[in-house]
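# Summary of the model geometry
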Amino acid sequence: MGLPELKEKIKNQLDLADERVLRIVSSVFDNYLNEVVSYDAKGNPVTLTEYHNKVEEGLEDIKYNRIISSEDLSKEMKDWDNE
């Protein structure tokens, strides 16, 4: 069974589920989304939800040209040493 079929099966099962099952499924998703999947540069944990949010922010930065080339960043970093 592929991903599309599995999603459709779960959607159909959720339509028939009682409150107990829905609470269990909700709890599973909450735990999954709050699972630590990475750490930031300072060693702080990053959850899956936070990770997805950061990816979306990055894609938005690219979309609106809020980026800097690696060469410009290197030049800017050299100036940091002079401050």
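So, here is what we can say about the structure in this document. (Residues numbered from 1 in each chain as written. Predicted model: local features only at pLDDT ≥ 70, side-chain atom pairs only at ≥ 80, totals over all residues. Heavy atoms only, no water.)

A tally of helices and strands in the protein chain yields four helices and two strands. Reading the protein chain from its N terminus to its C terminus gives the helix and strand order α-α-β-β-α-α. For the protein chain, whose C-alpha radius of gyration is 21 Å, the value lies well above the compact-globule estimate of 12 Å for 83 residues. Considered along the principal axes of its C-alpha atoms, the protein chain spans approximately 65 × 25 × 20 Å. (Helix = DSSP H or I, 4+ residues; strand = E, 2+ residues; numbered from the N terminus. Rg over C-alpha atoms; globule rule 2.2 N^0.38 Å.)

Next up on the list: the side chain of Thr47. Counting through the fold element by element, Thr47 comes out in strand β2 (residues 45–47). By relative accessible area, Thr47 is classed as buried at 15%. Excluding residues within four positions of it along the chain, Thr47 makes contact with Leu33, Asn34, Glu35, Val36 and Val37. (Buried < 20%, exposed > 50% of the residue type's maximum accessible area, 1.4 Å probe, protein only. Contact = heavy atoms within 4.5 Å.)

With a phi angle near 55°, Asn65 is a residue other than glycine that sits in the positive phi range. When you line up the elements, Asn65 lands in the loop between α3 (48–63) and α4 (70–82). The exposed category is assigned to Asn65, whose relative accessible area is 58%.

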